[in-house]
Every structure is written in structure tokens, then in C-alpha cells.
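Here is how the chains run, residue by residue.
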Amino acid sequence: MVKCPSQGCSGKMELRNLENHQALCEFASVECRQCQQLLQRSQMQQHMVVCPRREVCCENCLVSMPYEEKMDHEQTCPLAYVTCEYCETSGLVRHQMACHYSMDCIKAPIPCMYSQFGCTEKMQRDDLAQHQQEFTQAHMRMIAHHLLSFGTSLTPTSHMSSMQLDPSQFEPGPSSGFTMPSRLMSSQRDASQDQQQLKETIEQLEARLVKQDHQIRELMAKMETQTVLVTDLKQTIRTLEDKLVEVEAQQYNGVFVWRIHNFSAHVKNQEEERPVVIHSPGFYTGKPG
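These numbers were taken from a predicted model, which means no experiment stands behind them. (Residues numbered from 1 in each chain as written. Predicted model: local features only at pLDDT ≥ 70, side-chain atom pairs only at ≥ 80, totals over all residues. Heavy atoms only, no water.)

K.L.:
Please explain the overall build of the chain as it appears in this structure.
P.N.:
Helices and strands together make up the secondary structure of the chain, namely 9 helices and 10 strands. Within the chain, contacts between residues separated by at least 24 positions form 22% of all contacts whose residues are at least 6 apart in sequence. Accessible surface, the chain as shown: approximately 22600 Å² in total, 54% of it carbon and sulfur. (Helix = DSSP H or I, 4+ residues; strand = E, 2+ residues; numbered from the N terminus. Contact = heavy atoms within 4.5 Å. Areas by Shrake-Rupley, 256 points an atom, 1.4 Å probe, with all protein chains shown as cover.)

Spelled out as C-alpha cells, the structure:
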């Protein structure tokens, strides 16, 4: 008779039955197939519930993975539902967030439409229209400067320096003895046309700037006129309010409500023994007068 070598097991058996016993012994050490941890066979079922390498499934994309990798996967799962960090809209799918930022989110910071011409401002999408309206002239100057720098790089010299001149291309001319190669003449014509187009574009932009200046001056003049009108309206309202107080005071129902302004100041002056004299508007105590 031999005793089971597993710690905690008190079973005794014949040596020939020891191997079969250990295959079923609840106290025998077995290795978890997932995390390779050694446990007693009786603890294995409970361990499988909390094993860090147990297989779980993502609720969003249904991909299987070890449990210890689930948290990292949830941070990057393309089908997980997330909330926009700018407009706080919930229920958005993560892989659609880039489209949401570039198309729908009204509070996401986006670059100015004229960033390629030098504007470095970033703003919320709902502020973009105001930015473009306030910086129209600056944007036009950026475009003009960009076109000027672009036109400088398209001079005939740059075209000629990149060409290889072949002496056989020059042919005797009737007066000077040589004629300009056709390829050089074509390059010069193209460069001249580019410069002419850039010049026309700059002239159009300058005309737009002048027009914008006129519009701004007109708006400022209208604003000043509106300010004067608002001031006149406020004065008219105050006059009407004073007349309304007089009309209310002339009622003849026997009750007169006298509204005294700065009452606390009058009381303070009276407490300091400084004379206080105020007069109410006229009123009627009844129909006869």
C-alpha cells in the first residue's frame, strides 16, 4: 500500500492503482492551460472564472481575446460607443469619430480654410464664418503674397536654366544670323502667359479688397446711424415713462401710490438731521377733484 503524494490527500492504494488515482485526485496539482498556473484540481473550476487569461468576447466587435487584454482593447475598439470630447455627443462609434470631427462637430477645433496660404488660426466650426468675415482682408493679402511668390519662381530665366541648349537648334536668320529656338520661344511664351494670369489675379484681389473697404465703411456709417437712433429711442421711452407716471397719479379712485426714488438716501439724510424736502406729482382724491 502506498499513500497519495498529493498534499492534502490521505488516500492509500496499491502501487498499481496510484497512477489512476492521481489522474482523478482532487488534491493533485494541475496546470491551467491558459495562464500555466499550478493549482489543485478541486480549485480549477473556480479558477477558470477569474483566470486572467480566460477567453472573453468584446461586446462591440465580438472579437475573442484574453480577459487581461480586454481593457486595452476597449480603448481602441473601432466599434465601441464613445462620447465626443468637444460637443459631448454620446452614442458615436469610434471609427466614425474622424468623420464626426471633420464634418459634424460644431465645437471641434478646425484649421482656417486659408491655412495653405499662411493663416495659422484654429477655431470651433461654428466660429469659422465669423473668423472668415473678420479676417477677409488678411486672407486676401495672404493669397496675393502667395501668388506673387509663386510668380517669382516662374521667370523665363528659371525655364532657360533648366534647358539644355543644343547649338544645332540655332539656325541662320535673315538679319541677325541666328533665330531663337522654337522650344525657348515656347517656354518664354508660357512664362509670359503665367505672369499675365498672375497679374490679372492680383488685380482682381486688389479690387476685392477695395470693395471690402467700401463695404466696411458703409457698415460703420450705418452702425453710427443706428446708435443715434437707439439713443433717441431710449430718450423717447424715458419721456413716455414719465408721462405714464403722471397719468397714473391723476387717477381718482382715492388711492395714490407715491414711488420715491433713492428712498434709503433720503432716510440717511434725515437721520443725519439734514433737511429732506420732496414733492409728489399732482393727483386726484376723487371725481370732483
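The rest of the description comes next.
K.L.:
Can you help me understand the nonpolar core in this one?
P.N.:
Generally speaking, soluble globular proteins have nonpolar side chains that are buried together. One finds Met 140, Ile 143, Ala 144, Leu 147, Leu 198, Leu 205 and Leu 209 forming the largest nonpolar core, which totals 7 residues. Elements represented by at least two residues in this core include exactly helix H6 (136–152) and helix H8 (182–249). The element that contributes the greatest number of residues to this core is H6, accounting for 4 residues. (Core = buried A, V, L, I, M, F, W, Y, C linked by side-chain atoms within 4.5 Å. Buried < 20%, exposed > 50% of the residue type's maximum accessible area, 1.4 Å probe, protein only.)

K.L.:
Would you explain the environment of Gln 212 in this entry?
P.N.:
By the element assignment, Gln 212 lies in helix H8. Gln 212 sits in the partly exposed class, given a relative accessible area of 24%. Here Gln 212 is in contact with Thr 136 and Gln 137, once residues within four sequence places are set aside.

K.L.:
Help me understand unusual backbone geometry, please; the structure alone is not making it clear to me.
P.N.:
Only a minority of non-glycine residues have a phi that is not negative, and only a minority of peptide bonds are not trans. The residue Leu 62 is not glycine, and still its phi comes out positive at about 65°. Tracing the backbone through its elements, the reader meets Leu 62 in the loop between strand E5 (55–57) and strand E6 (64–66). Positive phi, normally seen in glycine, also occurs at Glu 273, with a value near 60°. Topologically, Glu 273 is positioned in the segment after helix H9 (263–271). The exposed category is assigned to Glu 273, whose relative accessible area is 74%.

K.L.:
Help me understand the packing of aromatic side chains, please; the structure alone is not making it clear to me.
P.N.:
A complete count under the given rule lists 2 aromatic pairs for this structure. With a centroid separation of 5.5 Å and 75° between ring planes, the pair formed by Tyr 86 and Tyr 101 is classed as edge-to-face. A residue pair is termed long-range when its members are at least 10 positions apart, and Tyr 86 in the loop between strand E7 (81–82) and strand E8 (92–93) and Tyr 101 in helix H4 (residues 97–104) qualify at 15 residues. Given a relative accessible area of 25%, Tyr 101 falls into the partly exposed group. Taking 6.4 Å as the distance between ring centres and 45° as the angle between the ring planes, the aromatic pair formed by Tyr 114 and Phe 117 counts as tilted. (Phe/Tyr/Trp six-rings, centres within 6.5 Å; stacked < 30°, edge-to-face > 60°.)

K.L.:
I would appreciate a short explanation of the confidence of the model for the chain in the present structure.
P.N.:
In this model, the chain carries a mean pLDDT of 77, and residues with pLDDT of at least 70 account for 79%. Per-element confidence in the chain is highest for E6, whose mean pLDDT is 89, and lowest for helix H7 (residues 156–161), whose mean pLDDT is 46. The model gives residues 157–165 a pLDDT under 50, and that stretch makes 11 contacts with residues more than four places away or in other chains. This model gives residues 167–180 a pLDDT under 50, and the stretch forms 14 contacts once residues within four places in sequence are excluded. (pLDDT = per-residue confidence, 0-100.)

K.L.:
So what exactly am I meant to see when it comes to the pattern of salt bridges here?
P.N.:
Two side chains that carry opposite charge are able to pair once their charged atoms sit near each other. In the structure shown here, the tally under the stated rule is 3 salt bridges. The partner of Glu 69 in a salt bridge is Arg 53, and the shortest N-O contact between them spans 3.4 Å. Of the two residues, Glu 69 is situated in the loop between E6 and helix H3 (70–76) and Arg 53 in the loop between helix H2 (44–50) and E5; the sequence distance between them amounts to 16 residues. Overall, Glu 69 belongs to the partly exposed group, its relative accessible area being 36%. A residue is classified by how much of its surface remains accessible, and Arg 53, at 31% relative accessible area, is partly exposed. Ionic pairing is found between Arg 274 and Glu 272, a salt bridge with its closest N-O pair at 2.6 Å. Using a relative accessible area of 43% as the deciding quantity, one classes Glu 272 as partly exposed. A cluster of three or more residues bridged by salt bridges with shared partners is formed by Arg 53, Glu 68 and Glu 69. (Salt bridge = Lys/Arg side-chain N within 4 Å of Asp/Glu carboxyl O.)

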